[in-house]
Amino acid sequence: MDQSSSRVVVITGAGSGLGRQMARRLLRDGHRVALAGRTASTLEEAADGSPNGLTVPTDVTSHSDVTSLFDRVGATWGRVDVLINNAGMFGRPGSVDQLNVDEWADMLAVNLTGPVLCAGEAMRRMKRQTPRGGRIINNGSLSAHTPRPMSAAYSVAKHGITGLTRSISLDGREFDISCTQIDIGNAATQMTARVAVEALQPDGSLRAEPTFDPAHVADAVSYLVGLPLDVSVPFLTMMANQMPFAGRG
Ligand SMILES: NC(=O)c1ccc[n+]([C@@H]2O[C@H](COP(=O)([O-])OP(=O)(O)OC[C@H]3O[C@@H](n4cnc5c(N)ncnc54)[C@H](OP(=O)(O)O)[C@@H]3O)[C@@H](O)[C@H]2O)c1
């Protein structure tokens, strides 16, 4: 891939699961990828020695960490073309009356404040760089549409991601910035390991739910990253076909 089609990509939560798959796929595609997350060792494993990988230990809930991440990317590659807001956590199950206030704050910080801080730093740079513009990809969830039972905090945060996606799409377009939200259901990662064994259903029963290979999400992200900036894909839903979501179960 020549320098003109090689994008500068920042991925949060790049050390594991979906983020790791995306990072490896984009590095294989020939893009320059900054891998961010809290655990340096897993970021290094994900980068797998690629000369186009830059590992930057980052807590997305810390504004100074996030600013340092984008400063480092700017100092290394001079611009940022794509941000993938992927870091997230599911947290302890519960209905809204069962929330522990501290756990709620942590959940919101990781799943919503982090993406807002990263999008803000990315957008500021995308507006002023030459050529200007860029693409922001938010990892939402089926829970941005419909909650699982006993997942109030996660579902509230992921609904917030939808507001972030819509706001970036609207406020960014005059600056050649576009935004995609990927809403995933049951990609096989650590986060869904329990769901594949038994997941609480709205009728109170437990059932093992199907999962799918997260490599397909990485393929979709590879496609999105390669698109020119005059094309926008606002929402993309990818889910295990047999999982209970469509209709009433
Ligand atoms: N798997 C699915 O089917 C599915 C479905 C819907 C949505 N999603 C979304 O997809 C994203 C990735 O999930 P996954 O399934 O790949 O789970 P995962 O393997 O648990 O990945 C989560 C990543 O987020 C990072 N992270 C957590 N807190 C962070 C923080 N404060 N700062 C920076 N990084 C942080 C973790 O790394 P460190 O702990 O090292 O920081 C980890 O690499 C999440 O946003 C999740 O909500 C996944």
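So, here is what we can say about the structure in this document. For clarity, every value in this text was computed on a predicted model and none was experimentally measured.

1. A short note on the site of the ligand
As a structural note, the neighbourhood of the ligand is formed by 27 residues, with Ser16, Thr39, Tyr154, Ala187 and Thr189 the closest of them. Separating an oxygen atom of the ligand from a side-chain N or O atom of serine 16 is a distance of 2.8 Å. In this structure, an oxygen atom belonging to the ligand sits 2.5 Å away from a side-chain N or O atom of threonine 39. Against a free-state accessible area of 880 Å², the protein chains account for coverage of 90% of the ligand.

2. What about empty space enclosed by the protein?
The final tally for this structure, using the stated rule, is one cavity of 30 Å³ or more. Taken as a whole, the largest cavity encloses approximately 30 Å³ of empty space. Lining the largest cavity we find Phe90, Arg92, Pro93, Gly94, Leu99, Met107, Ser151, Ala152, Ala153 and Tyr154. Of all the elements, helix α5 (residues 152-172) adds the most residues to the lining of the largest cavity, at three residues. A per-class count over the lining of the largest cavity returns seven nonpolar, two polar and one charged.

3. A short note on the packing of helix α4 (residues 101-128) against α5
Contact pair α4 / α5: the axes reach a minimum separation of 9 Å and the direction vectors enclose 15°. In terms of their interaxial angle, α4 and α5 are classed as roughly parallel. Where α4 crosses over α5, the two elements pack in a sense that is right-handed. Residues Trp104, Met107, Leu108, Asn111, Leu112, Pro115, Val116, Ala119 and Met123 of α4 form the contact with α5, whose own contacting residues are Ala153, Tyr154, Val156, Ala157, Gly160, Ile161, Leu164, Ile168, Asp171 and Gly172. Its residues placed into classes, the contact of α4 with α5 shows 15 nonpolar, three polar and one charged.

4. Let's talk about the side chain of asparagine 186
Inspection of the secondary structure assignment puts asparagine 186 in the loop between β6 (177-185) and β7 (199-200). Of note is the side chain of asparagine 186, whose polar atom sits 3.1 Å from the side chain of arginine 148. Only 3.0 Å separates the side chain of asparagine 186 from the backbone oxygen of proline 210, close enough to count as a polar contact. Ignoring sequence-local partners within four residues, the contact set of asparagine 186 consists of Arg148, Thr192, Val195, Glu209, Pro210, Thr211, Phe212, Ala240 and Met243.

5. A few points about the side chain of threonine 12
In this structure, threonine 12 sits in strand β1 (residues 8-12). A polar side-chain atom of threonine 12 sits 2.9 Å from the main-chain amide nitrogen of asparagine 86. Dropping the residues within four chain positions of it, threonine 12 is found in contact with Ala36, Val60, Ile84, Asn85, Asn86, Ala87 and Cys118.

6. Details of the packing of helix α1 (residues 17-29) against helix α6 (residues 215-226)
Two measures define how a pair of helices packs: the angle their axes make with one another and the distance between the axes. Axis separation between α1 and α6 bottoms out at 9 Å; the angle between their running directions is 50°. Taken together, the axes of α1 and α6 lie oblique to each other. When you trace α1 past α6, the crossing you get is right-handed. Side by side, α1 and α6 meet where Leu18, Gln21, Met22, Arg25, Leu26 and Asp29 of the first sit next to Ala215, Val217, Ala218, Asp219, Val221, Ser222 and Val225 of the second. Across the contact of α1 with α6, the residue classes tally to eight nonpolar, two polar and three charged.

7. Observations concerning the pairing of β1
Within β1, five of the five residues are buried, leaving the element largely enclosed by the surrounding structure. The side-chain alternation of β1 yields two buried faces, one formed by Val8, Val10 and Thr12 and the other by Val9 and Ile11. Where the polypeptide runs from β1 across α1 and back to strand β2 (residues 32-37), its parallel neighbour, the crossover connection is right-handed. As paired strands, β1 and strand β4 (residues 82-85) are joined by three bridges and run parallel to one another. Bridge pairing links valine 9 to valine 82 in β4.

Rules behind the numbers
Residues numbered from 1 in each chain as written. Predicted model: local features only at pLDDT ≥ 70, side-chain atom pairs only at ≥ 80, totals over all residues. Heavy atoms only, no water. Near = heavy atom within 4 Å. Polar contact = N/O pair within 3.5 Å; in protein donor to acceptor, adjacent residues only side chain to side chain. Areas by Shrake-Rupley, 256 points an atom, 1.4 Å probe, with all protein chains shown as cover. 1 Å grid on protein atoms, 1.4 Å probe; cavity = no way out; pocket = protein on both sides within 12 Å on 5 of 7 lines; lining within 4 Å. Points joined across faces, edges and corners; volume = space filled by probe spheres on them. Helix = DSSP H or I, 4+ residues; strand = E, 2+ residues; numbered from the N terminus. Nonpolar A, V, L, I, M, F, W, Y, C, P; charged D, E, K, R; others polar. Axes fitted to C-alpha atoms, helices over the stretch in contact; angles between N-to-C directions. Parallel < 35°, antiparallel > 145°, perpendicular 65-115°, else oblique. Left-handed = near helix turned anticlockwise from the far one by under 90°. Contact = heavy atoms within 4.5 Å. Buried < 20%, exposed > 50% of the residue type's maximum accessible area, 1.4 Å probe, protein only. Right-handed = clockwise from strand over helix to strand, strands pointing away. Pairing = 2+ DSSP bridges.

In short, the description is geometric, and any link to function would need to be established separately.
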